[in-house]
Amino acid sequence: MAVCARLCGVGPSRGCRRRQQRRGPAETAAADSEPDTDPEEERIEAGSAALSGAGGDRSAGPSSPPRCSLLELPPELLVEIFASLPGTDLPSLAQVCTKFRRILHTDTIWRRRCREEYGVCENLRKLEITGVSCRDVYAKLLHRYRHILGLWQPDIGPYGGLLNVVVDGLFIIGWMYLPPHDPHVDDPMRFKPLFRIHLMERKSATVECMYGHRGPHNGHVQIVKKDEFSTKCNQTDHHRMSGGRQEEFRTWLREEWGRTLEDIFHEHMQELILMKFIYTSQYDNCLTYRRIYLPPSRPDDLIRPGLFKGTYGSHGLEIVMLSFHGKHARGTKITGDPNIPAGQQTVEIDLRHRIQLPDAESLHDFNELSRVVLEVREQVRKEQEQEQEGGPEDAEGLGQQSPQPREEPPAEGPAPGDGGAAAVAEPPAQSGQPFVLPVGVSSRNEDYPRTCRMCFYGTGLIAGHGFTSPERTPGVFVLFDEDRFGFIWLELKSFSLYSRVQAAFRNADAPSPQAFEEMLKNIQSLTS
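Reference entry: report on the structure contained in this document.

Conventions used here
- Residues numbered from 1 in each chain as written.
- Predicted model: local features only at pLDDT ≥ 70, side-chain atom pairs only at ≥ 80, totals over all residues.
- Heavy atoms only, no water.
- Helix = DSSP H or I, 4+ residues; strand = E, 2+ residues; numbered from the N terminus.
- Buried < 20%, exposed > 50% of the residue type's maximum accessible area, 1.4 Å probe, protein only.
- Contact = heavy atoms within 4.5 Å.
- Areas by Shrake-Rupley, 256 points an atom, 1.4 Å probe, with all protein chains shown as cover.
- Core = buried A, V, L, I, M, F, W, Y, C linked by side-chain atoms within 4.5 Å.
- Pairing = 2+ DSSP bridges.
- Phe/Tyr/Trp six-rings, centres within 6.5 Å; stacked < 30°, edge-to-face > 60°.
- Lys NZ or Arg CZ within 6 Å of the ring centre and 35° of its normal.
- Salt bridge = Lys/Arg side-chain N within 4 Å of Asp/Glu carboxyl O.
- Axes fitted to C-alpha atoms, helices over the stretch in contact; angles between N-to-C directions.
- Expected span 1.5 Å × (residues − 1).
- Parallel < 35°, antiparallel > 145°, perpendicular 65-115°, else oblique.
- Left-handed = near helix turned anticlockwise from the far one by under 90°.
- Nonpolar A, V, L, I, M, F, W, Y, C, P; charged D, E, K, R; others polar.
- Disulfide = S-S within 2.5 Å.

1. Re the overall build of the protein chain
Reasoning step 1: Check the secondary structure of the protein chain and you find 16 helices and 19 strands.
Reasoning step 2: When burial is assessed residue by residue, the protein chain has 45% of its 528 residues classed as buried.
Reasoning step 3: Expressed as a percentage of contacts within the protein chain between residues at least 6 apart in sequence, the contacts between residues at least 24 apart total 58%.
Reasoning step 4: In the structure as shown, the protein chain presents an accessible area of about 27000 Å², 51% of it carried by carbon and sulfur atoms.

2. Section: the nonpolar core
Reasoning step 1: By size, the foremost hydrophobic cluster in this structure holds 44 residues, and its most contacted members are Ile148 and Ile197.
Reasoning step 2: Top element by residues in this core is helix H10 (residues 134-142). It accounts for five residues.
Reasoning step 3: The residues contacting Ile148, other than those within four sequence positions of it, are Val165, Ile172, Phe195, Ile197, Val221, Ile223, Phe229 and Arg291.
Reasoning step 4: Core analysis: the next-biggest nonpolar cluster, separate from the first, contains 25 residues, Phe366, Val376, Phe435 and Ile488 among them.

3. With respect to the pairing of strand S2 (residues 162-168)
Reasoning step 1: Within S2, five of the seven residues are buried, leaving the element largely enclosed by the surrounding structure.
Reasoning step 2: Two elements, S2 and strand S3 (residues 171-178), share seven bridges in a ladder whose sense is antiparallel. Note on S3: the bridge partner recorded for Val167 is Ile172.
Reasoning step 3: Hairpin connection, S2 to S3: the antiparallel pair is bridged by two residues, and Gly169 has positive phi, about 65 degrees.

4. Focus on the pairing of strand S9 (residues 306-311)
Reasoning step 1: In terms of residue burial, S9 counts as a mostly covered element, since six of its six residues are buried.
Reasoning step 2: Counted along the chain from S9 to the antiparallel partner strand S10 (residues 317-325), the turn is five residues long, and its residue Gly313 has a positive phi close to 55 degrees.
Reasoning step 3: Here S9 runs beside strand S19 (residues 494-500); their pairing, made up of three bridges, is antiparallel. Looking across to S19, one finds that Phe308 is bridged to Arg500.

5. Observations concerning the packing of aromatic side chains
Here a ring pair, both rings aromatic, is described through the centre-centre distance and the interplanar angle of the planes.
Reasoning step 1: The tally for this structure, following the rule as stated, stands at 26 aromatic pairs.
Reasoning step 2: An angle of 65 degrees between the planes, with centres 6.5 Å apart, marks the rings of Tyr312 and Trp489 as edge-to-face. Within this pair, whereas Tyr312 is found in the loop between S9 and S10, its partner Trp489 is found in strand S18 (residues 484-489), the two being separated by 177 residues in sequence. As far as the burial class goes, Tyr312 and Trp489 line up, both buried.
Reasoning step 3: Three or more aromatic residues joined by ring pairs make a cluster, and in this case those are Phe308, Tyr312, Phe456, Phe477, Phe485, Phe487, Trp489 and Tyr498.
Reasoning step 4: For the cation-ring pair, Lys333 lies above Tyr312, with the distance from its terminal atom to the ring centre recorded as 4.4 Å.
Reasoning step 5: When the ring centre of Tyr448 is taken as reference, the NZ or CZ atom of Arg450 above it lies at 3.8 Å.

6. Description of the pattern of salt bridges
Reasoning step 1: This model, assessed by the stated rule, comprises 27 salt bridges.
Reasoning step 2: We note a salt bridge from Arg298 to Asp301, for which the minimum N-O separation is 3.8 Å.
Reasoning step 3: Residue Arg298 is classed as partly exposed on the basis of its relative accessible area, which comes to 34%.
Reasoning step 4: Under the relative-accessibility criterion, Asp301 is labelled buried at 12%.
Reasoning step 5: When salt bridges that share partners are traced, they join Glu80, Arg112, Arg113, Glu116 and Glu117 into one network.

7. Some thoughts on the sheet that holds S3
Reasoning step 1: Reading around the circumference, S1-S2-S3-S4-S5-S6-S7-S8 is the order of the eight strands in this closed barrel, with antiparallel pairing throughout. Strand-to-strand, the axes of this sheet are offset by a mean angle of 35 degrees, without reference to chain direction.
Reasoning step 2: By the bridge criterion, five bridges tie strand S4 (residues 190-199) to strand S5 (residues 205-209) in an arrangement that is antiparallel. If you follow Phe195 over to S5, its bridge partner there is Cys209.

8. Digging into helix H11 (residues 244-257)
Reasoning step 1: Between its first and last C-alpha atoms H11 spans 20 Å; for 14 residues at 1.5 Å apiece the expected length is 20 Å, and the two agree.
Reasoning step 2: For H11, the complete set of buried residues consists of Glu248, Phe249, Thr251, Trp252, Leu253 and Trp257.
Reasoning step 3: Along its buried surface, H11 packs onto helix H12 (267-280).
Reasoning step 4: Two residues or fewer past H11, Gly258 is found with a positive phi of approximately 70 degrees.

9. Quick notes on unusual backbone geometry
Reasoning step 1: Each neighbour pair has its own omega, and for Asp182 with Pro183 the value is 5 degrees, a cis peptide bond.
Reasoning step 2: Following the sequence through the fold, Pro183 ends up in the loop between S3 and S4.

10. What to know about the packing of helix H5 (residues 75-83) against helix H8 (residues 107-118)
Reasoning step 1: Relative orientation of the contacting elements H5 and H8 amounts to 25 degrees, with a least axis distance of 9 Å. What the angle tells us is that H5 and H8 run roughly parallel. Relative to H8, H5 is oriented so that their crossing is right-handed. Taken together, the residues of H8 that come into contact with H5 (itself represented by Val79, Glu80, Phe82 and Ala83) are Thr108, Ile109, Arg112 and Arg113.
Reasoning step 2: The residue inventory of the contact of H5 with H8, partitioned by class, reads four nonpolar, one polar and three charged.

11. Things to note about the state of the cysteines
Reasoning step 1: Per the counting criterion, the structure on display carries zero disulfides.
Reasoning step 2: Among the cysteines around Cys114, which has no disulfide bond, Cys134 carries the closest sulfur, lying 5.7 Å off.

Structure, rendered in structure tokens:
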């Protein structure tokens, strides 16, 4: 209580709210007759007086400085102090006394909290015209909906998606990120708003659905539980078009694929497109979202982890998250398809096994590349058997030298027992080797790089329609540069090219590596 008295200038006999709220009238009256100091304070003051008296024979000691109460500071200084505190602490500060509560109505304090905590750079003075204060913006909009800021994956069956909820001016907007039109993997991402939240009046925030082509309309946001929320449209008639489902399909096709159905000659691709439209249109009125995190980065990672756009044959472009896990790297689908749904690990790379590609002339021969990869797969199988029989130490002793192509000098591989990207990053990144796809390997994008840094053995996940009979098949992970990599699917005789998503995402970092691993397990279990 002595500390409280020093801060606000009031003690148990002068209206300290925190103490008086726990007393009855009789206790309060008795407390008014007590001294303002507690035993601990008296002990400290007695010690100070003794020290002063002990030195009094020699010379008169300096008088103790007068106490300074926080209440005695000028209001403009209190405003500056309060504005530097987290906004979540200010309501408690308002409980101290009437003066603090009155000062906390100063809009300057809340304007600074909006800017520093949520990045609102708009001129908040314009709010005075609408009668909405910066305090209202902070308390009723930003702080209330802070839990939905960040990256989310919508629950749209196998297709998934990527939603980024951000503070945009005086709005909170949920942007759905879409890959560029197939097969232009290097083009920037596309995005469209799904909902927005803003203050129309001082009472409460307004949620509006942005789906459809008839403008914003009434919607609802509900925080289901930690790391999960849902949106609902209350006026689904705004999603319909006058031309009926046929007009809606043509509009969706132009937005999703950038073409008309007549431009798509592949019959199987037409079926997949029509299936996706029918399935996703069922979710235009209500969606549930689950939080996802960006992968943590370490100095010894092969490249910077993150989100990439990749080509997947007739399914078009999909979003994949590349992450590193010790001696392995994984590509997890954020968007998916009926064969391999969102949340599954589309590729897994074994960073212990480098693959030395054949020379440019031999690389044209698919059988030569297949021979090299299958020999590595056999070596990996033996190491796995050795691990089961004698433990990981014996498996590491087998060595991790990748088979070399015929008539080529052996390349130096990583030392046994070394793991991760640091063990394989010996060759300088600048020295690229020629790369060309073998004859017979198809690619949606022929404009792939013609040089690569290095290659690794990997496996890719394939399955039938409806994720039936899934299996991992051998392939080659090809690293081109910091922002592009590829994967050769041996069994499918196809090539996927991946390009980094060049976007900055706020509120998307995992609180810990364990939280990121748990997130990967959760999104995978939803589609297993």
